[in-house]
Amino acid sequence: MAITFHPDGTVTGGFKAPGAIIQTIHKELTTSVQTSSTSYQEVTGLSQAITLSNASNKVLVTVVCQCQAYGDQDRRIDVQVYHTSVSDSNRFTKQEHGEYRSGSSSSYSFGPVTHTILDTPGSTSRTYKVAYKSIDGSTVGVQGSSSYTRSYILLQEIIAFWSRKPSLAHKTIINKNI
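Residues numbered from 1 in each chain as written. Predicted model: local features only at pLDDT ≥ 70, side-chain atom pairs only at ≥ 80, totals over all residues. Heavy atoms only, no water.

A. Layout of the overall build of the protein chain. Along the protein chain, the regular secondary structure elements total one helix and 13 strands. In sequence order, the secondary structure elements of the protein chain are arranged as β-β-β-β-β-β-β-β-β-β-β-β-β-α. The buried share of the protein chain, reckoned over its 178 residues, is 37%. When contacts within the protein chain are restricted to residue pairs at least 6 apart in sequence, long-range pairs at least 24 apart make up 78% of them. Looking at the protein chain as shown, the accessible area adds up to about 9,500 Å², and 49% of this sits on carbon and sulfur atoms. (Helix = DSSP H or I, 4+ residues; strand = E, 2+ residues; numbered from the N terminus. Buried < 20%, exposed > 50% of the residue type's maximum accessible area, 1.4 Å probe, protein only. Contact = heavy atoms within 4.5 Å. Areas by Shrake-Rupley, 256 points an atom, 1.4 Å probe, with all protein chains shown as cover.)

Here it is, written out as structure tokens:
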């Protein structure tokens, strides 16, 4: 198969270059969840598996959570991203959000928490999970909606190596065009 170099910089003809995104999975949280527990609770609506075309490929994981916290004084949420199961050994990232203050008036804190991870699973499948907890016992939650996007997980498979190595003739053509 011939390799074609186009004026706009794209290359076609049977291979994909390292760094190319070849698969995208997007999943939205459709129902809000909340807890006052200080133990991690899985957001099952944001759990998502991906099957890779090659065990050497990478996965760019983006998680955006619209968080809320309600309380008289402190109101803080901790959101974490994991692979496989919700356990410390599988944790990628941890972010806290909310307010720590004194006072006695009840109020809400809202805001997004974003996690971005470049993972090398080393196998052809991986499941990603999101968990959250209240840091201080206040009521906290991750907001979802069936009407519009509030919280989501986005998985993108990225080629780590040439998916089909160019033949020696192709290498010569590539070198002559540099």
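B. Spotlight on the pattern of salt bridges. In the structure shown here, the tally under the stated rule is six salt bridges. Arg126 is paired through a salt bridge with Asp119; the nearest N and O atoms lie 3.0 Å apart. We note that Arg126, like Asp119, is buried. Taken together, the salt bridges that share partners define one network made up of Asp78, Lys94 and Glu96. (Salt bridge = Lys/Arg side-chain N within 4 Å of Asp/Glu carboxyl O.)

By themselves these figures say nothing about function.
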